[in-house]
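# An overview of the molecular structure
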Amino acid sequence: MSIQNTVSSWEQLFEIAQKNTSARRVRRPGQSPSTAPIPSSLHKLPPDTAAPVLLYRDTNSWCPFCERVWFALEEKEIPFETEFIDLTNKPKWYTDLVPTTLVPAAKIHGELVYESKDILLALEERFGSSLLPDDPEENVVARQLIEDVETSGFLGAGYKFLRESTSDSNELANLQAAFEAKLDEIEQALAKYPGPYFVSTFSLVDIMYSPHLDRLAANLPVYRGYHIKGNERYPRINAWFEAINQRPAYHRVKSDNITNNLLLRRRFGLEPIGNPLPLDAADSQSIQYRAEAAERLSDNREAAIGDILKNSGVQALAVDGDISAVQEAVDLHLRLLADYLINGNGAPLPGGRTGGKNSTDTIVAAVGAIALAYVRNRICAPRDMSAGAATAFRSAADKVLASLY
Ligand SMILES: N[C@@H](CCC(=O)N[C@@H](CS)C(=O)NCC(=O)O)C(=O)O
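The notes below deal with the structure included here. Everything numeric in this text was worked out from a predicted model, so none of it was measured.

Basis of the calculations
- Counting starts from 1 at the beginning of each chain's written sequence and moves along it residue by residue.
- Per-residue local features are limited, in this predicted model, to residues with pLDDT of at least 70; the limit for side-chain atom pairs, both in listing and counting, is 80 or more; totals at the level of whole chains, interfaces and linings are taken over all residues.
- Side-chain measures were taken over the full set of non-hydrogen atoms in the model, leaving aside hydrogen atoms and water.
- Put simply, DSSP marks the helices as runs of H or I at least four residues long and the strands as runs of E at least two long, and each gets a number from the N terminus on.
- Here, two residues are considered to be in contact whenever any of their heavy atoms come within 4.5 Å of each other.
- For accessible areas, the Shrake-Rupley method is used with a probe of radius 1.4 Å. Any residue's cover is judged against the shown protein chains and nothing else.
- Summary of the distance rule: residues count as near a molecule or strand when at least one heavy atom falls within 4 Å of that molecule or strand.
- Under this definition, polar contacts are N or O atom pairs within 3.5 Å; protein pairs additionally need one hydrogen-donor-capable and one acceptor-capable atom, and for neighbouring residues in sequence, both atoms have to be side-chain atoms.
- When residues are grouped by polarity, Ala, Val, Leu, Ile, Met, Phe, Trp, Tyr, Cys and Pro land in nonpolar, Asp, Glu, Lys and Arg in charged, and all others, Gly among them, in polar.
- A strand pair is defined by DSSP finding two or more bridges across the two strands.
- Here, a salt bridge means any side-chain nitrogen of Lys or Arg that lies within 4 Å of a carboxyl oxygen of Asp or Glu.
- Only protein chains enter the accessibility calculation, which uses a 1.4 Å probe. A residue is then buried if its area is under 20% of the maximum for its type, exposed if over 50%, and partly exposed in between.
- Axis lines are fitted to C-alpha atoms, over the contacting stretch for helices. Their N-to-C directions set the angle, which ranges from 0 to 180 degrees.
- Roughly parallel means an angle under 35 degrees; roughly antiparallel means over 145; roughly perpendicular covers 65 to 115; every other angle is labelled oblique.
- Aromatic rings from Phe, Tyr and Trp, with only the six-membered ring used for Trp, were paired whenever their centres fell within 6.5 Å, and each pair was classed as stacked if the ring planes differed by under 30 degrees, edge-to-face if by over 60, and tilted otherwise.
- Look at NZ for Lys and CZ for Arg. If either is within 6 Å of the ring centre and within 35 degrees of the ring normal, a charge sits over the ring.
- The criterion is simple. A nonpolar core is a set of buried Ala, Val, Leu, Ile, Met, Phe, Trp, Tyr and Cys residues joined through side-chain atoms within 4.5 Å.
- Note that domain bounds follow an automatic or database assignment of domains.

### Description of the overall build of the chain
- Broken down by element type, the chain carries 18 helices and 6 strands.
- Dimensions of the chain along its principal axes, counting C-alpha atoms only, are 75 × 60 × 40 Å.
- Residue pairs in contact within the chain that sit at least 24 positions apart in sequence constitute 74% of those at least 6 positions apart.
- Total accessible area on the chain stands at roughly 18,800 Å², and carbon and sulfur atoms take up 51% of it.

As structure tokens, then:
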């Protein structure tokens, strides 16, 4: 039987996927990004009431400073609206509005605040202080630690080690040693209070660090062969990663490793020296994340297919200039992927699905392979879906890819 007849329709796939995930996004037709996450507390806002916070953030959701503010808004359950700013072409109204012209900025009850640290502190002041310790002494310590994140040289040492364009081994060893000294300081700071966080409860200090430690932990293994996670020198930092990972708000706002890796290559032109980190198996096998990924793909299929036809190179396989067969093959393979996300159990698919091959089968499989490889690396978390769903998506694409020939 032809594979065409065994894969469900988009409508069937979408319906099943939606039943298995509570993740929902708003559509933004004709805009970039084409969808946006819905803040988890938006339902708390009475109808016809403006959200108390308007967050200005980057279109691609790559900015670690914006992530800090989003993380705090989710932790504090403050309903907010988002205005996306294209950093490659900032609108004049934005550069007129914000003196630094950088993102993030926010309007809190209509008042402009910019600089991520200042926005975080303003949110504490205006919406009740839930992310700073009540104890006055500890409160002072936390505020000092917040200042230290920006002034201690940790960020500079980390990003210099990661991005400095050199292959000189002495220079790299020095950059590594300087960064390790900063990580040692963090390790010591984490020892000061019981529990895994910088002070005795989860706080703004953790939020200030998390997007940066996350990006460095994802990128250093691939671009410098250096590991923070699993490194015995940093048991407290590793326990801190574990603790942050338990927080639902963090899962809404974080990027996945591959988004971070690809970003570094595309945005800063860095060359990887190592293999990508393995995909997180728990995320790849999670029924909810797989359903979220399938829901996103089914809901956004028209844009995805349009993007693949335009940008992946599949057009070259059109026979006599007729793109319709290529389009059909792309559509089929994306449905196959959505189907596998919903109905597969994460196990490898049997290989060689085309069986006795003729040249049409081979072209269909080639188009499918190109399309899947393209979308696998095209999706970006949390811009298009949550980090967990993106991991499930990439893992499923790999399994389906491996089954094509
Ligand atoms: N110190 C600022 C840093 C913000 C920042 O560097 N934002 C970057 C994006 S990650 C930006 O707006 N870049 C655009 C530009 O440089 O024009 C903060 O904490 O908010």
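### Examining the site of the ligand
- Around the ligand, a shell composed of Cys63, Pro64, Phe65, Leu87, Lys90, Leu102, Val103, Pro104, Glu115 and Ser116 is seen.
- Between lysine 90 and the ligand, the recorded distance is 2.5 Å, taken from a side-chain N or O atom to an oxygen atom.
- Within the complex, the protein chains bury 72% of what would otherwise be the 520 Å² of accessible surface of the ligand.
- Classifying every residue of the shell around the ligand gives 7 nonpolar, 1 polar and 2 charged.

### Section: the pairing of strand β6 (residues 111-114)
- Looking at chain direction, strand β5 (residues 105-108) and β6 are connected through 4 bridges and run antiparallel. Pairing of alanine 106 across the sheet is with valine 113, part of β6.
- Counted between consecutive antiparallel strands, the loop separating β5 from β6 contains 2 residues, among which histidine 109 sits at a positive phi close to 50 degrees.

### Side note on the pattern of salt bridges
- One pass over the structure, following the stated rule, counts 25 salt bridges.
- For arginine 57, the salt bridge goes to aspartate 58, with nearest N and O atoms at 3.6 Å.
- In this structure arginine 57 comes out as buried when scored by relative accessible area, which is 3%.
- Under the relative-accessibility criterion, aspartate 58 is labelled buried at 4%.
- One salt bridge in this structure joins arginine 376 and aspartate 398, with 2.5 Å as the shortest N-O distance. Placement of the pair is arginine 376 in helix α17 (residues 359-378) and aspartate 398 in helix α18 (residues 387-402), with a sequence separation of 22 residues.
- Classification of aspartate 398 by relative accessible area gives partly exposed; the value is 29%.
- The structure contains a network of salt bridges with shared partners spanning Arg27, Glu295, Arg296 and Asp299.

### Overview of the sheet that holds strand β4 (residues 80-85)
- Taken in spatial order, the 4 strands of this open sheet run β4-β3-β5-β6, and their pairing is mixed. Edge strands, defined here as strands with exactly one partner in the open sheet, are β4 and β6. Sheet twist, expressed as the average angle between the axes of neighbouring strands with direction ignored, equals 20 degrees.
- With 6 bridges joining them, strand β3 (residues 53-58) and β4 adopt parallel strand pairing. Paired with valine 53 across the bridge in β4 is phenylalanine 80.

### Thoughts on the side chain of threonine 21
- As for its position among the elements, threonine 21 is in the loop between α2 (10-19) and β1 (25-27).
- Accessibility expressed as a relative area gives 8% for threonine 21, which makes it buried.
- Apart from the residues lying within four places of it in its own chain, the contact partners of threonine 21 are Gln288, Ala291, Glu292 and Glu295.

### A closer look at the packing of helix α9 (residues 204-224) against helix α10 (residues 235-244)
- The N-to-C vectors of α9 and α10 enclose an angle of 105 degrees; their axes lie 11 Å apart at closest approach. Between α9 and α10, the interaxial angle falls into the category roughly perpendicular. Residues Asp206, Tyr209, Ser210, Leu213, Asp214 and Ala217 of α9 lie in contact with α10, whose contacting residues are Trp240, Phe241 and Ile244.
- Of the residues in the contact of α9 with α10, the class split is 6 nonpolar, 1 polar and 2 charged.

### Some remarks on the packing of helix α14 (residues 287-299) against α18
- Relative orientation of the contacting elements α14 and α18 amounts to 80 degrees, with a least axis distance of 8 Å. The pairing of α14 with α18 is recorded here as roughly perpendicular in orientation. On the side of α14, the interface is formed by Tyr289, Arg290, Glu292, Ala293 and Leu297, while α18 contributes Gly388, Ala389, Ala392 and Phe393.

### Things to note about the packing of aromatic side chains
- Under the definition given, this model contains 14 aromatic pairs.
- Judged by centre distance (6.1 Å) and plane angle (40 degrees), the rings of phenylalanine 161 and phenylalanine 179 are tilted. In this pair, phenylalanine 161 is assigned in helix α7 (residues 154-163) and phenylalanine 179 in helix α8 (residues 169-190), connecting sequence segments 18 residues apart.
- For phenylalanine 161, a relative accessible area of 2% corresponds to the buried category.
- Both rings, one in phenylalanine 179 and one in tyrosine 226, keep their centres 6.5 Å apart while their planes meet at 70 degrees; by these two values the pair is edge-to-face. On the criterion of sequence distance, the pair formed by phenylalanine 179 in helix α8 and tyrosine 226 in the loop between α9 and α10 is long-range, its members being 47 residues apart. With respect to burial, phenylalanine 179 and tyrosine 226 carry one shared label: buried.
- Site record: aromatic cluster; members linked through ring pairs are Phe154, Phe161, Phe179, Phe198, Tyr209, Tyr226, Trp240 and Phe241.
- Just above the ring of phenylalanine 202 sits the side chain of arginine 247; from NZ or CZ to the centre is 3.8 Å.

### Quick word on the nonpolar core
- One finds Phe179, Leu183 and Ile228 to be the most contacted residues of the largest nonpolar core, which totals 64 residues.
- At 11 residues, α9 tops the list of elements feeding residues into this core.
- Of the domains in this structure, domain 2 (39-127) and domain 3 (136-201 + 203-246) are the two that each give at least three residues to this core.
- Apart from the residues within four sequence positions on either side, leucine 183 is in contact with Phe154, Leu213, Tyr226, Ile228, Tyr234 and Ile237.
- Among the nonpolar cores identified, the runner-up in size contains 42 residues, and Leu13, Ala304, Ile305 and Leu336 belong to it.

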